[in-house]
Amino acid sequence: MFHSVEDVIQQLSDQQYICDKQIATVVYLAQQLDKPVLVEGPAGVGKTELAKVVAKALGREMIRLQCYEGLDEAKALYEWEYSKQLLYTQILKDKVSETIAGSQSLADAADRVGREDSVFFSSKFIVPRPLMQAISSEKPTLLLIDEVDKSDPEFEAFLLEILSDFQVTIPEIGTIKAKSQPLVFLTSNDAREMSDALKRRCLHLWIDYPSEELEVQILDRKVPNIDKRLAEEVVQLMNRIRDLDLKKTPSISETLDWARALLALNADELEDQVVSDTLNVILKYEGDVQKAQNELSKLIQKKTAEAAAEKPQQAPAAAAKKGILH
Amino acid sequence: MQKKIIEFTNLLRKSGIRVSVAEGIDAFNALDELSLDDREVFQDALRAAMVKRGDEIPTFDELFGLFWSGFYDNLKDAFSDMEGDLGEMGVDLEQLLSQLAEMMQNMEGDLDLGELAQALLTQNLSELENMIRAAAEEAGTGRIENMLQVGFFSRRTTEQLGLEGAQQDLEALTERLRAMGVGEEGIQQMQELIRKLMETVRRTVRNFTERELQQQNHNYMEKFRREMLTEKSFYHLTEDEIQRMREVVARLAQRIKNILSIRKKRLKRGKLDLHQTLRRNMARGGIPFEVVYKTRRKDRPKLVIMCDVSSSVANVSRFMLQFMYSLQEAFTKIRCYVFVAELGEVTDVFNDKEVNSAVEKALDGGDVINVYTRSNFGFAFHEFWKNHLSAIDKKTTVIILGDARNNYNDAKAWCVRDIQNKAKNVVWLNPESPSAWGFGDSVMDKYMPYCDIVEECRNLRQLSKVVDQIVL
């Protein structure tokens, strides 16, 4: 349970997730208003992570539904267990004959069987899929519908009932209402625009690349051994790279990977060589790497030139330190 | 507060952000849960409840700044300025007002002070704010459109506010004070106060009107800009606009794709969808009366695009190509040719490169043709007829983009006739207006009989209309 916006920031930070007020406000509101949250933003800024962390902070079980093209209700909601039904019919054959024994006519027999047919269409024979699990769980859960933009528009329409009323309708059984209301997070990478009907039912959260300051904090938290100065440099460079016109802009997860790579290589500052060796950690396309390389080598040269001009007397000391490290 | 939020919602709607009633209610509920001291939290809450698109966030933030920057604070500043001015003239406002209040209580008979005069004398600023807002509404300040109207609406607002009446009230009060034997000095102070009050109110009303103008103007500008982009002729685009236009085209293409995916229907043959079949036939004990197949209908046209890439129509070709590139999935096959006089195929360029560089490369002739010659449609069509006619079958839609300015060369319209005979249909998009077709060196009239659809295509709106027609 979150008690205030500040409390959200605090509790998420206890779970190693640094967030700004905007995110915290929406999370808090989602809890207070029992509304689903539609989280959008570029890939790798921590949309899925947010849901996981909130689940942990609230001590709820997280149920995840990964969306993909062709996902249908049988895989998302429930399915009848045909084989089990068949098996039961076979086993219970005697019982069935018993039930209809002594019936006067065929119609009478049909009626008798008919009275019992709820046996075969009961929750006993339903395989619950993620959405059903989330709704029928005794304890409140957190439902993550990941990459909802990858699903078909039909599926989206079918989500509406769940998102607004927290209930599902199974034709053979009836409507099942949530025993406890799950907290719902939907994430989307903007592969296509979601329908207005879906958006209307959700609170909307747009997570963008974090500010430099926040990103340094995140680095500091997630990569504990990193030198503060190196972290700052990494973040600065990352922001530079994001400004380039790239096919795939690197996000926070790439920043973290890069910082870890640099640590593993024992690099204590960003040099031309180290950077160009590790660029493929953050950039996933050859063309992007080329572009970034040109831009960065310019930047780093300028920086080293400035640094050398500023404190020439310290240069030998730095060189000596490097000698020890290598 | 409620009223202000509703007002803000209307402002958002006017600026093109769609906010439904339910979302407005969400916003209210959200604010109930939060303390409103923190402006940032307040803004985030409203945004989460009302704005559901990433690209609308900047507009929201800007409007929020404009709307909630607090006219009340402005009012307060103006009045404290006034207090300072009076202080310089040796008038202690607070003391004066409290003396006045005291004397007014002791006054005999009815004191006929209007609401505004009372609010002014008690310095009840929130009351004053409400009165100014109401007056502005009466005066129709919401309809303000340009700078020149600020004076007009300010004056109407002050009239509605009844400032004249308040001045008379206060002057009458001064007279009564004089009658009660207040000294000349006191009367002078009183007159000074009235003058200052009137001035301050006028100034704040004007300030209010200007803010209103800013808000309204924002919608206006925004709408204007958007309309401009889709309506603007391709001939007059600046570099910057070409950049922005790309985004617009990408969005339009995405929209069409969404519609397409909804319209896909299941086929009546193909691979069996076991899950769906069993599910559908539960009612019949799992015996498959009704069979469902996995494969979906592929009613996708083949496309052959021929683009004139001479400088006069380069922009139209650019966006057409971008459109088609983005919609590749909607077609079974796209073949793309560019021509000025020579004709060359650039389909490969589209397969290898990402959209922007592919389009630029194609416009540049794609290494296969020389773009620095004079247009010759007849020659280009003849080339196509000789070498590429096999690219066309009866499922193919042929799109030709060009102004048909043939530099007085032979039109060779029979090539287009043969193309039409083989193709499903031929669409000609001409960036010139129909009145110019067939005049000067335009040979549009010669080609027109052999085209199924001929459309003027001078701006994005027309282009997207045509694309809609072809794809859907």
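A short tour of the structure in this document, coming up. Treat the numbers as computed from the prediction; the structure is a model and nothing was measured. (Residues numbered from 1 in each chain as written. Chains lettered and ligands numbered in written order. Predicted model: local features only at pLDDT ≥ 70, side-chain atom pairs only at ≥ 80, totals over all residues. Heavy atoms only, no water.)

What follows deals with the overall build of chain B. The secondary structure content of chain B amounts to 20 helices and 6 strands. In chain B, which comprises 472 residues, the share counted as buried stands at 49%. Within chain B, residue pairs in contact and separated by at least 24 positions form 76% of the contacts whose partners lie at least 6 positions apart. Looking at chain B as shown, the accessible area adds up to about 23900 Å², and 48% of this sits on carbon and sulfur atoms. (Helix = DSSP H or I, 4+ residues; strand = E, 2+ residues; numbered from the N terminus. Buried < 20%, exposed > 50% of the residue type's maximum accessible area, 1.4 Å probe, protein only. Contact = heavy atoms within 4.5 Å. Areas by Shrake-Rupley, 256 points an atom, 1.4 Å probe, with all protein chains shown as cover.)

All names here are of chain B. Taken in spatial order, the 6 strands of this open sheet run β3-β2-β1-β4-β5-β6, and their pairing is mixed. Two strands bound the open sheet, and with one partner strand each, they are β3 (343-345) and β6 (453-456). Across the sheet, the axes of successive neighbouring strands diverge by a mean angle of 20 degrees, strand direction being ignored. Pairing analysis gives 3 bridges linking strand β2 (residues 333-339) to β3, with the strands arranged antiparallel. Looking at β3, one finds that Tyr337 is bridged to Glu345. (Pairing = 2+ DSSP bridges. Axes fitted to C-alpha atoms, helices over the stretch in contact; angles between N-to-C directions.)

For Glu147 of chain A, which is not a glycine, the phi torsion comes out positive at approximately 50 degrees. Locating Glu147 of chain A in the fold gives a position in the loop between β5 (141-146) and α9 (153-165).

Turning next to the packing of aromatic side chains. All names here are of chain B. Summed over the entire model, instances satisfying the criterion amount to 17 aromatic pairs over all chains. Plain terms: the ring middles of Phe339 and Phe377 are 5.4 Å apart, the flat faces sit at 75 degrees to each other, and that makes the pair edge-to-face. Here Phe377 lies in helix α17 (residues 377-387) and Phe339 lies in strand β2, a separation of 38 residues in the sequence. Residue class for Phe339 comes out buried when judged on its relative accessible area of 0%. Between the aromatic rings of Trp385 and Trp414, the centroid separation amounts to 5.0 Å while the plane-to-plane angle is 80 degrees, which identifies the pairing as edge-to-face. Taken as a pair, Trp385 in helix α17 and Trp414 in helix α18 (residues 413-422) lie far apart in primary sequence, 29 residues in all. Through successive ring pairs, a cluster of aromatic residues spans Phe339, Phe377, Phe381, Trp428 and Tyr447. (Phe/Tyr/Trp six-rings, centres within 6.5 Å; stacked < 30°, edge-to-face > 60°.)

Let's shift gears to a nonpolar patch on the surface. Taken together, Leu272, Leu274 and Val291 of chain B make up a surface patch of nonpolar side chains, about 250 Å² in accessible area. By the secondary structure assignment, Leu272 of chain B is in the loop between α12 (239-263) and α13 (274-280). (Patch = residues over 30% accessible without salt bridge, like charges linked within 9 Å, V, L, I, M, F, W, Y side chains within 5 Å. Salt bridge = Lys/Arg side-chain N within 4 Å of Asp/Glu carboxyl O.)

This next bit is on the interface of chain A and chain B. Tallying the contact residues gives 34 residues for chain A and 33 residues for chain B. Summing the contributions of chain A and of chain B, the shared interface buries around 2900 Å²; its carbon and sulfur component is 55%. On the chain A side of the interface with chain B, the three residues burying the most area are Tyr82, Arg200 and His204 of chain A, jointly 18% of the side's total. The tally of links from chain A across to chain B stands at 3 salt bridges. The partner of Asp196 of chain A in a salt bridge is Arg18 of chain B, and the shortest N-O contact between them spans 2.9 Å. Breaking the side of chain A that touches chain B down by element, the ones donating at least two residues are α2 (21-33), β3 (78-80), α5 (82-91), α9, α10 (196-201) and β9 (203-206) of chain A. The dominant element in the side of chain A that touches chain B, judged by the number of residues it contributes, is α2 of chain A, at 8 residues. Class assignment for the residues of the side of chain A that touches chain B results in 15 nonpolar, 5 polar and 14 charged. (Buried area = accessible area lost by both parts, 1.4 Å probe. Nonpolar A, V, L, I, M, F, W, Y, C, P; charged D, E, K, R; others polar.)

Along the polypeptide, Asp112 of chain B turns up in the loop between α6 (93-106) and α7 (115-122). The spacing of Asp112 of chain B and Leu173 of chain B is 61 residues in sequence and 8.7 Å in space, taken between C-alpha atoms.

Attention now goes to the side chain of Gln43 of chain B. Within the secondary structure, Gln43 of chain B is located in helix α3 (residues 39-50). Leaving out residues up to four positions away in the same chain, Gln43 of chain B has contacts with Phe60, Asp61 and Phe64 of chain B.

Here we take up the sheet that holds strand β8 (residues 183-188) of chain A. In a beta sheet, neighbouring strands pair by backbone hydrogen bonds and run either parallel or antiparallel. Residue and element names in this part refer to chain A. Strand order across the open sheet formed by 5 strands is β2-β5-β8-β1-β9, with parallel pairing between neighbours. With one partner strand each, in any of the chains shown, β2 (61-66) and β9 form the two edges of the open sheet. For this sheet, the mean angle separating the axes of adjacent strands, direction not counted, is 20 degrees.

Right, let's get into the pairing of β5 of chain A. Residues and elements named next belong to chain A. In terms of residue burial, β5 counts as a mostly covered element, since 6 of its 6 residues are buried. Both faces of β5 are covered, namely the face carrying Thr141, Leu143 and Ile145 and the face carrying Leu142, Leu144 and Asp146. Pairing between β2 and β5: 6 bridges, direction parallel. Across the sheet, the residue bridging to Arg64 is Leu144, located in β5. As paired elements, β5 and β8 share 4 bridges and run parallel to each other. Looking at the pairing, Leu142 lines up with Leu183 of β8.

Scanning the model with the defined rule gives 37 salt bridges over all chains in all. Asp146 of chain A is the salt-bridge partner of Arg64 of chain A, the closest N and O atoms lying 2.7 Å from each other. Placement of Arg64 of chain A in strand β2 and of Asp146 of chain A in strand β5 is noted, with a sequence separation of 82 residues between them. Arg260 of chain A serves as the salt-bridge partner of Asp257 of chain A, at 4.0 Å between the closest nitrogen and oxygen. Separated by 3 residues within a single helix, Asp257 of chain A and Arg260 of chain A lie in helix α13 (residues 252-264), roughly one turn from each other. Through salt bridges with shared partners, a single network forms among Asp85, Glu192, Arg195, Lys196, Glu199 and Arg203 of chain B.

All right, on to the packing of helix α11 (residues 212-222) of chain A against helix α12 (residues 228-243) of chain A then. Residue and element names in this part refer to chain A. At a closest axis distance of 9 Å, the pairing of α11 and α12 adopts a crossing angle of 130 degrees. By the angle between their directions, the pair α11 and α12 is classed as oblique. Along this stretch, α11 crosses α12, giving a crossing that reads as right-handed. Facing Glu212, Glu215, Val216 and Leu219 of α11, the residues of α12 in contact are Lys228, Ala231, Glu232, Val234, Val235, Gln236, Asn239 and Arg242. For the contact of α11 with α12, the per-class residue count stands at 5 nonpolar, 2 polar and 5 charged. (Parallel < 35°, antiparallel > 145°, perpendicular 65-115°, else oblique. Left-handed = near helix turned anticlockwise from the far one by under 90°.)

So, on to the environment of Thr48 of chain A. Residue and element names in this part refer to chain A. Summarising the element assignment, Thr48 is placed in helix α3 (residues 47-58). Along the backbone, Thr48 and Leu144 are 96 residues apart, and their C-alpha atoms lie at a distance of 7.9 Å. Other than its neighbours up to four places away in sequence, Thr48 contacts Arg64, Leu144, Asp146 and Thr187.

Moving on: the side chain of Ser310 of chain B. Mapped onto the fold, Ser310 of chain B is located in the loop between β1 (302-308) and α14 (314-326). Other than its neighbours up to four places away in sequence, Ser310 of chain B contacts Phe339, Val340 and Ser375 of chain B.

What follows concerns the packing of α13 of chain A against helix α14 (residues 272-282) of chain A. Residue and element names in this part refer to chain A. For the pair α13 and α14, interaxial distance at closest approach is 9 Å and the crossing angle is 140 degrees. Taken together, the axes of α13 and α14 lie oblique to each other. Read as a crossing pair, α13 and α14 show a hand that is right-handed. Along the contact surface, α13 presents Glu254, Asp257, Trp258, Ala261 and Leu262, while α14 presents Val274, Val275, Thr278, Val281 and Ile282. Residues belonging to the contact of α13 with α14 are distributed by class as follows: 7 nonpolar, 1 polar and 2 charged.

Residues and elements named next belong to chain B. Topologically, Gln189 is positioned in helix α11 (residues 184-231). Sequence separation between Gln189 and Val91 is 98 residues, and the spatial gap between their C-alpha atoms is 6.7 Å. In contact with Gln189, not counting residues within four places along its chain, are Gly90, Val91 and Leu96.

So, to be careful, I would describe these as geometric facts and stop short of saying anything about function.
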